[in-house]
Structure formats: structure tokens, C-alpha cells
Amino acid sequence: MIVLLFVVLPLPIFSQTVAETEGTMTILDTIVVKKPCQSAVKLNVRISLDHDEPILLPRFYEFVNSDGLYSVIERDGLGDFVGNYGLTYVVVDSNGDFVSTGYSRPFESFVRIEDEERHRNCRWVVRKRSLKARFKWIKDDEKRAEMDKSELRVNGADTVVAVYPIILQKKDSPSASGETLEPGVYRLFLFYSFKKDDIRQRNVFTGYMKSNEIRLIVE
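Quantities reported herein were computed from a predicted structural model and do not represent experimental measurements.

Further remarks concern the overall build of the protein. Helix and strand content of the protein: three helices and 14 strands. Here the protein holds 219 residues, and 40% of them are scored as buried. A separation of at least 24 residues holds for 72% of the contacts in the protein among residues at least 6 apart in sequence. As displayed, the protein has an accessible area near 13,600 Å², and 51% of this comes from carbon and sulfur atoms.

Next comes the structure, spelled out in C-alpha cells:
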């Protein structure tokens, strides 16, 4: 009698779970003031990551918008939200209510194709000395793509960068979204979320960070 023996060898199991990157985001300023003539503020931000290798943070925008998504995350209890959202800022009033600020991209129709193309290739930027925001034509394709990717490279334990939240009033632009900030004291913080698509991308941040809250004084 011939006995056939089948030996079952253990097969390696590869997890498709992407491990989150541990880190903190800290606004180093305690108070920022927005003057009536300004449509942006400057924040000095420290990023601290628990990682030995350099890490890329995609969509860590230098000129930061606020479109209200964080209020939805908070309302629905999605405290561990991870998505390809990037960096945003959030403003809260003295009653604890989220205040709509920032800008939305207007949908406009144009008679000439070249005007529509020019509008599509514009981006919001900030004049850093005057802290005034404007919707500027970025003619160079590579420069425009670089702005859209906005990759921040963190080489060590701590990296300090400057970012510029764009806080538009209705008088500044028809693209201003939501409410007009009345003079007063508010709270402001930053939120960052990104999830890499490939587990082999070891040097790309995945996870979320919420900064400390600071005082925003609107004059």
C-alpha cells in the first residue's frame, strides 16, 4: 500500500492594514490678530513625528483654506477620521459654534475658452508681507502642480514651518464662503488628515493630527 503524505506549509499572510504615523502638530503662537485690511494670518507650526526616516506629508498647504468639513467630522463622531483631506483650519466662536470662513471655488461660465482656462489655472495665494490673499493666475504648469501637491518633508523629530490661513470677508471676494467674522475673540486650530494608497509607501504619512487651540482676535 502506498501512503501519500501531504505536508501543509504555513503561508505568509500579508496584512493590508496601513499603520498610522504617530505625530503631533503644535501652533507655536498663542494669539494671532487679523486686522481689517488683512485677509490672512500667519501661524508658526511645529510638526513632531515619531519616525526615524524622513516623512512626506502630502497636501500640507502653505495657504490654508477652511471649508467646514471638520464640523461634520465632529458632529458625526468621526474623531479618528483618516482620508486624503490635507490641511485645513477651523474657527470656533465664544459659544463653541463652528464659524464658516475661507473660500469656495466659484463656478463661472466664460464666453472665451482662454478665459475659462485662465480661471481654472488660478490659485489662492497670500502676499506674506501684507497678509492679503488673492486669486492669482499660476501660468507655470509645474508650479501649479507643486502647489496642488503641497508636500511637506519632515526630516527630523521636529520641523517648524509657517502657514497662512486665508480668512476672507465678503468684501474681500465673492468666493468668500459662509459668515463674515465680526470683530471679537475666537478660537482657531489646524486639522490634518491623509491616508496613503499603497502600504509600500513607507515614507508617506498616514493618519490625522489636530493642533492645539489658540486665540484669534478679529479687529
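Here the narrative resumes, following the displayed structure.
Another point: the nonpolar core. Membership of the largest hydrophobic core comes to 33 residues, with the highest contact counts inside it found for Ile47, Leu57, Phe60 and Leu216. Contributing elements (two or more residues each) for this core: strand 1 (23-27), strand 3 (43-49), strand 4 (55-57), strand 6 (86-92), strand 10 (152-154), strand 11 (158-165), strand 12 (184-194) and strand 14 (214-218). Residue contributions to this core peak at five residues, all from strand 12. With residues up to four places along the chain from it excluded, the contact list for leucine 216 reads Val32, Lys34, Val41, Val91, Ile167, Leu181, Gly184, Val185, Tyr186 and Leu188. Counting residues in hydrophobic clusters, the runner-up holds 13 residues, among them Ala40, Leu131, Ile166 and Leu168.

The side chains of a regular strand alternate, residue by residue, between the two faces of the sheet. With seven of seven residues buried, strand 6 is to be regarded as a mostly interior element. Where strand 6 lies against strand 12, seven bridges are found, and the strand directions are antiparallel. What sits directly across from valine 90, in strand 12, is phenylalanine 189. The sheet contact formed by strand 6 and strand 7 (residues 98-99) spans two bridges and is antiparallel. Among the inter-strand pairings, valine 92 is bridged to a residue of strand 7, identified as phenylalanine 98. Connecting the antiparallel pair strand 6 and strand 7 is a turn made up of five residues, with glycine 96 showing a positive phi of about 85°.

Turning to a positive patch on the surface, a few remarks are in order. Residues Arg127, Lys132, Arg134, Lys136 and Lys143 make up a contiguous surface patch of positive charge. Examining the composition of the positive patch, we find that three residues originate from one element, strand 9 (residues 132-137), more than from any other. Tracing the chain through its elements places lysine 143 in helix 3 (residues 141-149).

So, on to a negative patch on the surface. There is a patch of like negative charges on the surface, built from Glu20, Glu22, Asp50 and Asp52. Here glutamate 20 is to be found in the segment before strand 1.

Positive phi is not limited to glycine here, since arginine 59 has a value of about 60°. Mapping arginine 59 onto the fold places it in the loop between strand 4 and strand 5 (63-64). Among the residues examined, arginine 59 registers a relative accessible area of 32% and is labelled partly exposed. One non-glycine residue, serine 150, lies in the positive phi region at around 45°. Counting through the fold element by element, serine 150 comes out in the loop between helix 3 and strand 10.

Strand order across the open sheet formed by four strands is 1-3-11-5, with mixed pairing between neighbours. The sheet is open, and its two edges are formed by strand 1 and strand 5, each paired on a single side. Both strand 1 and strand 3 contribute to a ladder of five bridges, which runs antiparallel. Within strand 3, the residue paired with glycine 23 across the bridge is leucine 49.

Bringing the packing of aromatic side chains into the picture now. Under the criterion given, the structure shown has six aromatic pairs. On the basis of an interplanar angle of 50° and a centroid distance of 6.1 Å, the ring pair of phenylalanine 63 and tyrosine 164 is categorised as tilted. Placement of the pair is phenylalanine 63 in strand 5 and tyrosine 164 in strand 11, with a sequence separation of 101 residues. For phenylalanine 63, a relative accessible area of 16% gives the class buried. Put simply, the rings of Phe60, Tyr192 and Phe205 pair up and form one aromatic cluster. If you follow lysine 210 out to its NZ or CZ, it ends over the ring of phenylalanine 189, 4.6 Å from the centre.

Rules used throughout
Residues numbered from 1 in each chain as written. Predicted model: local features only at pLDDT ≥ 70, side-chain atom pairs only at ≥ 80, totals over all residues. Heavy atoms only, no water. Helix = DSSP H or I, 4+ residues; strand = E, 2+ residues; numbered from the N terminus. Buried < 20%, exposed > 50% of the residue type's maximum accessible area, 1.4 Å probe, protein only. Contact = heavy atoms within 4.5 Å. Areas by Shrake-Rupley, 256 points an atom, 1.4 Å probe, with all protein chains shown as cover. Core = buried A, V, L, I, M, F, W, Y, C linked by side-chain atoms within 4.5 Å. Pairing = 2+ DSSP bridges. Patch = residues over 30% accessible without salt bridge, like charges linked within 9 Å, V, L, I, M, F, W, Y side chains within 5 Å. Salt bridge = Lys/Arg side-chain N within 4 Å of Asp/Glu carboxyl O. Lys, Arg positive; Asp, Glu negative; His and termini not counted. Charge placed at Lys NZ, Arg CZ, Asp CG, Glu CD. Phe/Tyr/Trp six-rings, centres within 6.5 Å; stacked < 30°, edge-to-face > 60°. Lys NZ or Arg CZ within 6 Å of the ring centre and 35° of its normal.

The quantities given are spatial measurements derived from coordinates; they are silent on function.
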